[in-house]
Amino acid sequence: MNRYESAKDIYAAHGVDCEAAMATLLALPVSVHCWQGDDVRGFEGTHTPGGGIAATGNYPGRASCAQELMDDMDAVLARCPGKHKINLHAMYAVTEQPVPRDKLAPEHFAAWLDYAKSHGLGVDMNPTLFAHEMAADGLTLSHPDAPVRRFWIDHCKAVRRIAAWFAAELGQRCVNNIWIPDGFKDTPADRLGPRRRLKDSLDEILAERLEGVIDTVESKVFGIGLESCTVGSHEFYLNYAARNGCVCLLDNGHFHPTEQVADKISSMLLFSENIALHLTRGVRWDSDHVPVLGDELRDICTELVRCHALDRTLIALDYFDASIHRVAAWVIGLRSVRKALLQALLLPHKQLRALQDARDFTRLLALQEELKLLPLGDVWAELCRRAGVAEETDWMNGLTVRGG
Ligand code: RNT
Ligand code: ZN
C-alpha cells in the first residue's frame, strides 16, 4: 500500500474524508500578493515604502520591472497547488510615463490583464496610500488639509474603477482593499477629528455602486513611526464595515502580539456575510515574516473550516522578506497557508465539538494532541502530485537567482 492509501485509512478511522478535503482545497482561491517580489517598491521609481512598512534584507535578485515580477510569479504559481488570484497594488501600474495616482485608469493595467487572462487568474486590487510625497507626513484620507484628502479620495475612486474593470474583463469579482498608514507618533490632541475625516472620505469613495467589486477595509494597531494612534483602528473599521456593507479585513500582524485573529472570526461571521484576511507572520511585531505552518496560521485556518466559512472568506497573503530568495519566500508562505488549510480540513470537527459539548475537556485535549501526529505530509504529497506541482523535497529545483 502506498503512503497516501495508508494515510487515507488512518484519517478514515477518525471519520475524515481525505478526498473531499483535497477537492475543497484545490478549488479554494488564495490571493497572491505581487509585492513580495520587489520589496513593496512598485514601478513608479520611488524607493521607500513609507507608512511604517518595510522589507528588510538584501538578498540579490529583486524584480525591478513588470516583466521580471511576472516571471517570478510564474515561478511561484508553478510550485504551489490550488486556485490562485493575483493581488496588485496601484503602484504596480505598467506605464511608459509616470501617471499621477489620482489619474490612474484601466489602460495602465493592461499588461496585468493580459497576464491574468493568459494564466486563468482572477485579480484583486489595492489603492496605494503610502510611498508618496502626498503621504509624507503620515496622513492621507484623514488629513486635515482638504487638497491632500481630495488627492487620496480621487486615487481610491480611480482604483475602484480599475477593480470594476478587472472584474468585468475577467468575469470574477475583484477585491479592492483600502489600507491607509494614517496615525501619530506621539499622543495626539484630537482623535475624533481624524477619524471623522476618514469616515467622510470613505463615504465618498464607496458611494459609487460598482459591479463586481468587493470593498474591504484593513485596520492596524500601530505602525513604525506611528506608535501612539492609528486612525484606521479595528473598532473603526469593524463598525464602518458593519454599517456600510463593506468587508472588514483582518491582517494577523496588525493586532497586539497575544491577540488572536482566530478568536475574532466566529464573532465577525455572526454579523457579516464576508470576512477578509491578510495572512502573514509577525515576529514580536508586524514584521511580515514568511508564514510557516505554526499554531497561529493553523488556528486561523481551523476556525474558517469549523465555522464553514471558507466560501465567505477572502483569503490573501501579505508578507515581504528580502533576506532570503524572494521566490522561495513567496512559495514557502503560500505552501504553508495551503498546508494549514489542508490540516484544518482533515480534522474530525464533529467529534471534537461533541467532546466540548459533553464538557469532556480531558479527552478533547488528548485528541487534539493525537491529531497533530496524523500523516498530514502524505496527503500533502498526494495533493501536490495531483496538482502537478513539485513535492516538498523538490520544489526548490530549478530556482535561480537573477543576476547571480
Ligand atoms: C500594511 C498592510 C497592508 C500592506 C500592503 C502592501 O501594514 O498590511 O496590507 O502590507 O497593502
Ligand atoms: Zn495587510
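Caption draft 1: Just a nonpolar patch on the surface, in detail. On the surface, a nonpolar cluster with roughly 190 Å² of combined accessible area is contributed by Val292, Ile324 and Ile332. Within the secondary structure, Val292 is located in the loop between β9 (275-279) and α9 (295-306).

Caption draft 2: Highlighting helix α8 (residues 261-269). Listed in full, the buried residues belonging to α8 are Val261, Ala262, Lys264, Ile265, Met268 and Leu269. Along the axis of α8, the buried residues cluster in a sector spanning 150°; they form a single face. Buried positions along α8 lie against α7 (234-244), β8 (247-251), β9 and α9.

Caption draft 3: Local environment of the packing of α9 against helix α10 (residues 326-345). Relative to each other, α9 and α10 sit at 50°, their axes nearing to 8 Å. One way to sum up the angle between α9 and α10 is to call them oblique. Considering the relative orientation of α9 and α10, their crossing is right-handed. On the side of α9, the interface is formed by Leu297, Arg298, Cys301, Thr302 and Val305, while α10 contributes Ser336, Val337, Ala340, Leu341, Gln343, Ala344 and Leu345. In the contact of α9 with α10, the residues fall into 8 nonpolar, 3 polar and 1 charged.

Caption draft 4: Local environment of helix α2 (residues 18-27). All of the buried residues in α2 are Cys18, Ala21, Met22 and Leu25. The buried residues of α2 all sit within an arc of 95° when viewed along its axis, so they share a single face. Against the buried residues of α2 lie α1 (3-13), α10 and α13 (376-387).

Caption draft 5: Representation of the state of the cysteines within the structure. By the definition in use, this model includes 0 disulfides. With no disulfide of its own, Cys65 has Cys34 as its nearest cysteine by sulfur position, at a separation of 13 Å. Classification of Cys65 by relative accessible area gives partly exposed; the value is 31%. Of the cysteine sulfurs around Cys80, a residue in no disulfide, the closest is that of Cys384, at 8.6 Å. Judged by relative accessible area, Cys80 falls into the buried class, the value being 3%.

Reading the values: rules and limits
- Residues numbered from 1 in each chain as written.
- Chains lettered and ligands numbered in written order.
- Predicted model: local features only at pLDDT ≥ 70, side-chain atom pairs only at ≥ 80, totals over all residues.
- Heavy atoms only, no water.
- Patch = residues over 30% accessible without salt bridge, like charges linked within 9 Å, V, L, I, M, F, W, Y side chains within 5 Å.
- Areas by Shrake-Rupley, 256 points an atom, 1.4 Å probe, with all protein chains shown as cover.
- Salt bridge = Lys/Arg side-chain N within 4 Å of Asp/Glu carboxyl O.
- Helix = DSSP H or I, 4+ residues; strand = E, 2+ residues; numbered from the N terminus.
- Buried < 20%, exposed > 50% of the residue type's maximum accessible area, 1.4 Å probe, protein only.
- Arc of directions from axis to C-beta.
- Contact = heavy atoms within 4.5 Å.
- Axes fitted to C-alpha atoms, helices over the stretch in contact; angles between N-to-C directions.
- Parallel < 35°, antiparallel > 145°, perpendicular 65-115°, else oblique.
- Left-handed = near helix turned anticlockwise from the far one by under 90°.
- Nonpolar A, V, L, I, M, F, W, Y, C, P; charged D, E, K, R; others polar.
- Disulfide = S-S within 2.5 Å.

Read these as spatial facts, not as claims about activity.
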